[in-house]
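A look at the structure
So you can see what is in the structure, the chains are spelled out below.
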Amino acid sequence: MRKLLVRGGHVVDPATRTDEPLDLLIVDGVVAETGLGISVGEDARIVDAEGSVVTPGLVDMHVHLREPGREDEETIESGSRAAAHGGVTAVAAMPNTEPAIDSASWVEFVRTHESPIEVYPIAAITKGREGRNLTEMAELAGAGAVAFSDDGSPVANSCVMRRALEYSAMVERPIISHSEDLDLSGSGVMNEGLASTLAGLRPIPAAAEEVAVARDIILAGMTGARLHIAHVSTAGSVELVRRAKSDGIAVTCETCPHYFTLTDDDVRSYDTNLRVSPPLRTASDVAAIKVGLADGTIDAIASDHAPHSLEEKQVEFDAAPPGMIGLETLLPLTLTQLVQPGTVTLERAIELLSTDPASILGIEHGSLAPGALADVTIFDTDWAWEISESWFLSKSRNSPFTGRTVRGRVTHTISRGEIVFEETAFDAGHARGKGEREPDELPLRI
Amino acid sequence: MRWTGRHLLGLEGVTREELLEVLDTAAKFREILDRPVKKVPTLRGVTIANLFFEPSTRTRMSFELAEKRLSADTVSFSTTTSSVKKGETLRDTARNIEAMMVDMVVLRHGSPGAPHFLSQHIDASVINAGDGAHEHPTQALLDLFTMRERLGELDGKSVTIVGDILHSRVAKSDVYGLRALGADVTICGPTTFLPAEIERLGVTVTTDIHEATHDADVVNILRIQRERQEGGFLPSLREYTALFGIDAERVARMRPDVVIMHPGPINRGVELTPDVADSGRSVILEQVTNGVAVRMAIMFLISRVRAAERAEELELLEVEL
């Protein structure tokens, strides 16, 4: 029997509605019990979590691990280490690799790949992600695909999308839609508005997203299938999803930290790390996203971790590929931008980062109930620190958050009872009451 | 306030005082252009690279002439981005420039923000000679210079810009400059050519050409690219000309002393008829002459900033020694 005791932490687990100081005992990779003053023998390993928050391991339902095809930018292994570094114990990997994840053998390749955390494959909706012929969804689901998506190349043909929704309902997996009308986006590279006018960069209207969100919701209503909308970024999309939910349509959605942290005005710096798809929107969109996160319209926060090489990003803005890395900044940005200002409670944040994405994907994560998989994230909510380029474990460095001061840092990540990440700087200098802690009053750059 | 910029990336944020210094300096250089020997030793020993990643005739010639008249050493490079892999070229070029100890780079590029990008990667001063649909500051400076020459100070003067505002780098630089100098600006064009929220730059927006022009001191007409029709922005050039083209009949309904401008090259018969372009109301060729003077002025002012920086460094060095 392998025992691990997480002692003295403040356990926040939305699944069991726990929000109190408790010890957590893990035996053989499974949560054995939570309680006060659990005692263990000499054989148990003990993690001192006093003053820290202990939550179910985070679930990032939207990442790009680039393998197969672009192993120079990220691999399943490097991406998993970055995930563990960010407190993430389960990721769903998008199929826009080279080749696309559209066959059972590629699904198995991703599913069975050695990694410190759980990597769940999302398979393509259509063969080659070409938007024409459906993949063999039943076989792919059997091989381990947790959802279907043609992410980045949205299914333009509404009839194909209808069939995809109908068929996926039969195999009981959600369709994850990167909802975008590519004709409306055209060759645009940033949000349409005052900022695009000033920057002179080709614009993408909010309508390019909203038209497609509306279509997908209507088709989901018609087919009764489960639809999950990826990276919602506009006020209009939030409102469409809100209305669809109140109409009883089986729709869920996610947003990403950059959509509640940055605006299109930031893009005027021409920093290519700010080129993302969908593009960064206006301050009023950011406000609407925050309302959606608080009122339950938005179900999950995902990173849309999209590694790109320096060569690809160190170019003119409109020549750079869209995407930023995000696995490692997911939690600190959520804490800094949403929890600390009081937009959402810590419990709600953990729902968004763990419980709800796990339930959307139907995976066994997001709970610390006895008998649950022992995936645990431990973090210090008060630790203010500056994100530096060398801190990232991802193979790529394309983060616009480098140099930003955030508050909240992962100290331990436990996957199936094993410690897969442990902050060494934590022991060295930041331990409560002994080291030279960063002052809590450190001004936050928001 | 004296000009303190070590680059000229755009006119956004440039103050009235800075603009007036550039224009007053340009006036002095303008006099030199009328002398029999049109050359001064002002930039002797200064090396300037002209990098044109987009086809351009008049802007490049104007810069080259301005540099020669200031006695700078120059090197020019022209290419189209289609012939070389985009991006890599600009970064590699930047490194080469560093290695060649160039003092100033004049950059024309199709990507908005390219001069910004370059300025972050090299020590040389960067002068934006037009970047995509972002800015074209020296064109705006020569427009301002020409207007001021004709009208005196621009406070309260009304200037109308007609045409494809959406794809125009000139329109935005003009708006920044004109607003800073206190002019009232009206933007006029078909709705598909009006960029989002342009009115927030403090301009009046209309699609009615008569309303836009009948009381204007200046009508600045932008070039209509023929490919816009294929891009779906216009049903036809014919309809554009019918709605927005400036011909003698429309000029007759404007103020008798209206100044007609065009940044060139003109699509004669599309946005402007030849009789108007060549009429006494038109200052199009004066704009070209003045372009050399304002470019001389901006290069002089930037080199003065660089010289001051060097002097400061030298002083610091002396203190350390």
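Criteria and cut-off values
Residues numbered from 1 in each chain as written. Chains lettered and ligands numbered in written order. Predicted model: local features only at pLDDT ≥ 70, side-chain atom pairs only at ≥ 80, totals over all residues. Helix = DSSP H or I, 4+ residues; strand = E, 2+ residues; numbered from the N terminus. Rg over C-alpha atoms; globule rule 2.2 N^0.38 Å. Buried ≥ 20, exposed ≤ 12 C-beta atoms within 10 Å, placed from the backbone. Contact = placed C-beta atoms within 7 Å. Core = buried A, V, L, I, M, F, W, Y, C linked by C-beta atoms within 7 Å. pLDDT = per-residue confidence, 0-100. Axes fitted to C-alpha atoms, helices over the stretch in contact; angles between N-to-C directions. Parallel < 35°, antiparallel > 145°, perpendicular 65-115°, else oblique. Left-handed = near helix turned anticlockwise from the far one by under 90°. Nonpolar A, V, L, I, M, F, W, Y, C, P; charged D, E, K, R; others polar. Domains from an automatic or database assignment. Pairing = 2+ DSSP bridges. Right-handed = clockwise from strand over helix to strand, strands pointing away.

Points about the overall build of chain A
Scanning chain A from terminus to terminus reveals 14 helices and 18 strands. Its C-alpha atoms give chain A a radius of gyration of 21 Å, within 12% of the compact-globule value 22 Å for 446 residues. Within chain A, buried positions represent 59% of all 446 residues. In chain A, the proportion of contacts linking residues at least 24 apart, taken out of those at least 6 apart, comes to 75%.

Examining the overall build of chain B
Along the backbone of chain B there are 12 helices and 9 strands. Relative to the compact-globule value of 20 Å for 321 residues, chain B shows a C-alpha radius of gyration of 20 Å, a close match. Judged by the C-alpha coordinates and their principal axes, chain B covers about 70 × 45 × 40 Å. A total of 321 residues make up chain B; the buried ones form 47% of that total.

A word on the nonpolar core
The biggest cluster of nonpolar side chains holds 224 residues, and the ones touching the most others in it are A:Phe148 and B:Val105. Among the elements that make up this core, the one with the highest residue count is helix H12 (residues 284-320) of chain B (10 residues). Beyond its immediate sequence surroundings of up to four residues, A:Phe148 is in contact with A:Ile122, A:Ala123, A:Ala124, A:Ile125, A:Met137, A:Ala164, A:Ser168, A:Arg173, A:Ile175 and A:Ile176.

Some thoughts on the confidence of the model for chain A
Detailed reading of the predicted coordinates is not advisable wherever pLDDT falls low. Overall, the prediction assigns chain A a mean pLDDT of 94, with 95% of residues at 70 or greater. Across residues 427-446 of chain A, where pLDDT falls below 50, the model places 22 contacts with residues more than four positions away in sequence or in other chains.

Observations regarding the environment of A:Ala320
Residues and elements named next belong to chain A. Here Ala320 is to be found in the loop between helix H11 (310-313) and helix H12 (330-339). Sequence separation of Ala320 and Arg275 is 45 residues, and the distance between their C-alpha atoms is 7.5 Å. Residues in contact with Ala320, not counting those within four places in the same chain, are Thr272, Arg275, Glu312, Lys313 and Val315.

Here's the deal with the packing of helix H7 (residues 206-223) of chain A against helix H8 (residues 235-246) of chain A
All names here are of chain A. Viewed as axis vectors pointing N to C, H7 and H8 meet at an angle of 15 degrees, and their least axial separation amounts to 9 Å. In terms of orientation, H7 lies roughly parallel with respect to H8. At the point where H7 passes H8, the crossing takes the right-handed sense. Here H7 contributes Ala206, Glu209, Glu210, Val213, Ala214 and Ile217 to the contact with H8, which in turn contributes Gly236, Ser237, Leu240 and Ala244. In the contact of H7 with H8, the residues fall into 6 nonpolar, 2 polar and 2 charged.

Thoughts on the domain arrangement of chain A
Residues and elements named next belong to chain A. The domains assigned to chain A are domain 1 (3-54 + 371-430) and domain 2 (58-361). The C-alpha centroid of domain 2 is placed 26 Å from the C-alpha centroid of domain 1. Facing the 29 residues of domain 1 at the interface are 41 residues of domain 2. Among the elements of the structure, strand E16 (376-386), strand E17 (405-415) and strand E18 (418-422) are those that each provide at least two residues to the side of domain 1 that touches domain 2. At 7 residues, E17 tops the list of elements feeding residues into the side of domain 1 that touches domain 2. The class makeup of the residues in the side of domain 1 that touches domain 2 is 14 nonpolar, 9 polar and 6 charged.

Focus: the interface of chain A and chain B
Taken residue by residue, the interface counts 17 residues in chain A and 22 residues in chain B. Broken down by element, the residue count for the side of chain A that touches chain B peaks at 5 residues, all from helix H6 (residues 194-199) of chain A. Considered class by class, the residues forming the side of chain A that touches chain B number 9 nonpolar, 5 polar and 3 charged.

Focus on the environment of A:Ile217
Within the element layout of this structure, A:Ile217 appears in helix H7. In this structure the C-alpha to C-alpha distance between A:Ile217 and A:Val251, which are 34 residues apart in sequence, comes to 7.1 Å.

Some points on the pairing of strand E8 (residues 118-123) of chain A
Residue and element names in this part refer to chain A. Counting buried residues in E8 gives 6 out of 6 residues, a clear majority hidden from the surface. Here E8 shows a buried face lined by Glu118, Tyr120 and Ile122 and a second buried face lined by Val119, Pro121 and Ala123. Both E8 and strand E9 (residues 147-148) contribute to a ladder of 2 bridges, which runs parallel. Residue pairing in the sheet places Ile122 in a bridge with Ala147 of E9. Taking the sense of rotation as the criterion, the β-α-β connection linking E8, helix H3 (residues 137-143) and E9 turns out right-handed.

Observations regarding the sheet that holds strand E1 (residues 47-52) of chain B
Residues and elements named next belong to chain B. Overall, parallel pairing links the 4 strands, which are arranged E2-E1-E3-E4 in an open sheet. Both outer strands of the open sheet, strand E2 (73-78) and strand E4 (125-131), are each paired with one neighbouring strand and no more. Averaged over all pairs of adjacent strands, the angle between strand axes in this sheet comes to 15 degrees, irrespective of strand direction. For E1 and E2, the ladder comprises 6 bridges, and the chain directions are parallel. The partner of Phe52 across the bridge, within E2, is Ser78.

Some points on the sheet that holds strand E9 (residues 259-261) of chain B
Adjacent strands of a sheet pair through backbone hydrogen bonds, lying either parallel or antiparallel. All names here are of chain B. In spatial order, the strands read E7-E6-E5-E8-E9; together these 5 strands make up an open sheet with parallel pairing. Bordering the open sheet on either side are strand E7 (204-206) and E9, each of which pairs with just one other strand. Between one strand axis and the next, the sheet turns by 20 degrees as a mean value, whatever way the strands run.

Regarding the environment of B:Ile97
Residues and elements named next belong to chain B. With respect to the secondary-structure elements, Ile97 resides in helix H3 (residues 88-99). Separated by 49 residues in the primary sequence, Ile97 and Ile48 have C-alpha atoms spaced 9.9 Å apart. The residues contacting Ile97, other than those within four sequence positions of it, are Ala49, Val102, Val105, Ile122 and Ala124.

Quick notes on the domain arrangement of chain B
All names here are of chain B. The domains assigned to chain B are domain 1 (16-136 + 287-317) and domain 2 (138-283). When each unit is reduced to the centre of its C-alpha atoms, the spacing between domain 1 and domain 2 is 26 Å. Elements represented by at least two residues in the side of domain 1 that touches domain 2 include exactly helix H1 (16-32), E4 and H12. With 7 residues, H12 is the single largest residue contributor to the side of domain 1 that touches domain 2. Along the lines of polarity and charge, the residues of the side of domain 1 that touches domain 2 split into 9 nonpolar, 7 polar and 5 charged.

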